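Overview (structure and organization)
Now for the letters of each chain:
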Amino acid sequence: IRAAESGKQVVVMVEIKARFDERANIVWARALERAGAHVAYGLLGLKTHSKCALVIRREAGGLRRYAHIGTGNYNSKTARIYTDLGLLTADRVLTGDVTDLFNVLTGVAKKDRYKELLVAPVSMRTGIVDLIEDEIERHKAHGDGRIIIKVNACVDPQMIRALYQASQAGVPIDLIVRGMCSLQPGVSGFSESIQVRSIVGRYLEHSRIFCFGQGQREQYYIGSADIMERNLDRRIEAMTPVKDAALQDQLRYVLEVMRRDDRRAWTLGEDGEWTRVETTLEGEPQTDTFEVLMDDATRRNEA
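Since the model is a prediction, treat every value here as computed from it, not as a measurement. (Residues numbered from 1 in each chain as written. Predicted model: local features only at pLDDT ≥ 70, side-chain atom pairs only at ≥ 80, totals over all residues. Heavy atoms only, no water.)

Re the overall build of the protein chain
The helix and strand inventory of the protein chain stands at eight helices and 17 strands. Here the C-alpha radius of gyration of the protein chain, 20 Å, is about what a compact globule of 303 residues would show, namely 19 Å. Overall, the protein chain is about 60 × 45 × 40 Å in size when its C-alpha atoms are taken along their principal axes. A total of 303 residues make up the protein chain; the buried ones form 45% of that total. A sequence separation of at least 24 residues applies to 63% of the contacts in the protein chain between residues at least 6 apart. Roughly 16,700 Å² of accessible area belongs to the protein chain as shown, and the carbon and sulfur atoms make up 48% of that amount. (Helix = DSSP H or I, 4+ residues; strand = E, 2+ residues; numbered from the N terminus. Rg over C-alpha atoms; globule rule 2.2 N^0.38 Å. Buried < 20%, exposed > 50% of the residue type's maximum accessible area, 1.4 Å probe, protein only. Contact = heavy atoms within 4.5 Å. Areas by Shrake-Rupley, 256 points an atom, 1.4 Å probe, with all protein chains shown as cover.)

Concerning the packing of helix α7 (residues 245-260) against helix α8 (residues 289-302)
The axes of two packed helices give the description: the angle between them and the distance between them. Two numbers describe how α7 lies on α8: the axes approach to 9 Å, and their chain directions differ by 150°. By the angle class used here, α7 and α8 are roughly antiparallel. For α7 against α8, the interelement crossing comes out right-handed. Residues Q250, Y253, V254, V257 and M258 of α7 form the contact with α8, whose own contacting residues are T289, V292, L293, D296 and R300. Taken together, the residues of the contact of α7 with α8 break down into six nonpolar, two polar and two charged. (Axes fitted to C-alpha atoms, helices over the stretch in contact; angles between N-to-C directions. Parallel < 35°, antiparallel > 145°, perpendicular 65-115°, else oblique. Left-handed = near helix turned anticlockwise from the far one by under 90°. Nonpolar A, V, L, I, M, F, W, Y, C, P; charged D, E, K, R; others polar.)

Quick look at the pairing of strand β10 (residues 173-177)
In terms of burial, β10 is largely enclosed, as five of its five residues are buried. Burial of β10 is two-sided: the residues I173, L175 and V177 facing one way and the residues D174 and I176 facing the other way are all buried. With five bridges joining them, strand β9 (residues 147-151) and β10 adopt parallel strand pairing. Note on β10: the bridge partner recorded for I147 is I173. After leaving β9, the chain enters helix α5 (residues 157-168) and then returns to the sheet as β10, a path that is right-handed. By the bridge criterion, four bridges tie β10 to strand β11 (residues 194-199) in an arrangement that is parallel. The partner of L175 across the bridge, within β11, is V196. (Pairing = 2+ DSSP bridges. Right-handed = clockwise from strand over helix to strand, strands pointing away.)

Remarks on α5
In this model α5 runs 16 Å from its N-terminal to its C-terminal C-alpha over 12 residues, within 8% of the 16 Å that 1.5 Å per residue would give. Residues of α5 that are buried make contact with α4 (124-142), β9, β10, β11 and α6 (229-233). One side-chain oxygen at the N-terminal end of α5 lies 3.3 Å from the backbone nitrogen of Q158; it belongs to D156. Of the residues trailing α5, G170 is marked for its positive phi of about 95°. (Expected span 1.5 Å × (residues − 1). Polar contact = N/O pair within 3.5 Å; in protein donor to acceptor, adjacent residues only side chain to side chain.)

Notes on a nonpolar patch on the surface
A cluster of nonpolar side chains, V200, W266 and W274, forms an exposed patch at the surface whose accessible area comes to about 260 Å². Relative to the helices and strands, V200 is located in the loop between β11 and β12 (204-205). Judged by its relative accessible area of 48%, V200 falls in the partly exposed class. (Patch = residues over 30% accessible without salt bridge, like charges linked within 9 Å, V, L, I, M, F, W, Y side chains within 5 Å. Salt bridge = Lys/Arg side-chain N within 4 Å of Asp/Glu carboxyl O.)

Considering the pattern of salt bridges
If you walk through the whole model with that rule in mind, you get 18 salt bridges. Connected through shared salt-bridge partners, R263, R264, D288 and E291 make up one network.

Notes on the nonpolar core
With 34 residues, the main nonpolar core has I128, I132, I147, L175, L183 and F210 as its most contacted residues. Sorting the residues of this core by element identifies β8 (118-120), α4, β9, α5, β10, β11 and β13 (209-212) as the ones contributing at least two each. Beyond its immediate chain neighbours, meaning those up to four positions away, L183 contacts C154, I160, L163, Y164, L175, I194, V196 and L268. Counting 31 residues, the second-largest nonpolar core is a separate cluster that includes C52, L101, V104 and V277. (Core = buried A, V, L, I, M, F, W, Y, C linked by side-chain atoms within 4.5 Å.)

Some details on the side chain of N75
Within the secondary structure layout, N75 lies in the loop between β5 (62-70) and β6 (82-83). The exposure class assigned to N75 is buried, which follows from its relative accessible area of 18%.

Concerning the pairing of β11
When you tally the buried positions in β11, you get five out of six residues, the bulk of the element. Of the pairings in the sheet, the one linking β11 to strand β16 (residues 265-268) comprises three bridges and is antiparallel in character. Counterpart to S198 in the pairing with β16 is W266.

What to know about the packing of aromatic side chains
For the structure shown, the criterion picks out three aromatic pairs. Measuring from centroid to centroid gives 4.4 Å for Y164 and F190, while their planes differ by 45°, and the two rings are tilted. Taken together, the positions of Y164 in helix α5 and F190 in the loop between β10 and β11 put the pair 26 residues apart, joining distant regions of the chain. Take Y164: its relative accessible area is 12%, and that puts it in the buried class. The interplanar angle of 20° and the centroid separation of 6.5 Å between the aromatic rings of F210 and F212 together place this pair among those described as stacked. (Phe/Tyr/Trp six-rings, centres within 6.5 Å; stacked < 30°, edge-to-face > 60°.)

Honestly, it's all geometry; don't read function into it.
What follows is the structure, encoded as structure tokens:
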């Protein structure tokens with residue numbers, strides 16, 4: 001609103017069908033329109049669930065684009081109680097993809113292919129399946145396939161079948177699923193290389209992280225989608241690759257902490273029952289995901 005009032009061109013995509021936030025979003029949409037912003041309400045039949053922001057600036061060298069692609073809502077209340085991740089980037093390819101996405105959302109253009117962004121419902125499902133199949137082929141050829149996925153839910157039948165196929169090829173798979181999980185891990189000869197755990201504690205785990213490969217081959221993605229039919233087929237979602245080595249290190253560390261958590265973690269058995277992870281022996285240090293990551297964030301902020 002301040003940008004619009006100061007003469008900047010402002011376009012805002014407001015999703016009215018936002019659970020618990022419908023009234024607030026209508027209020028904000030009207031306030032934005034009064035300030036002179038162009039407000040769009042999305043595409044017919046598709047809920048907009050992606051979390052993206054784009055700033056285009058006229059700088060000394062010409063126009064430059066900056067994009068933010070995240071896992072969480074732009075909501076000051078949930079930002080205090082949800083764990084989320086966001087990528088701020090001036091990468092030309094990614095900012096070009098985000099520009100194309102906003103052109104689609106505002107009705108300026110149609111798009112069925114993006115260069116690096118995985119966008120639902122046009123390219124995300126096939127993109128993730130392709131990444132899983134790449135790990136299957138890699139494991140068959142070299143024995144070093146690897147998949148780690150952190151989401152809020154894992155219930156999509158096609159994706160689960162793809163993960164079962166990867167497990168049957170021997171690919172080690174770690175799933176960190178906060179809530180619903182229809183996949184059965186640890187079944188001999190079927191899904192025995194899959195482990196599923198859930199982290200439940202001080203904050204609501206909300207970030208989505210996808211890691212494919214290991215070593216120099218690791219590929220990381222973060223984004224707004226869970227492994228659910230509604231996310232992949234009936235919503236506008238966006239997942240971005242994270243290509244910077246230092247940022248990949250951060251994502252790798254977050255996943256490592258969660259995989260060794262022995263205070264807030266539960267594991268899913270082949271019988272569908274969740275079991276609390278046994279803590280270490282008394283007197284030995286324990287790993288609490290929330291405490292470890294809060295301490296790390298505090299140290300980075302102080303530095």
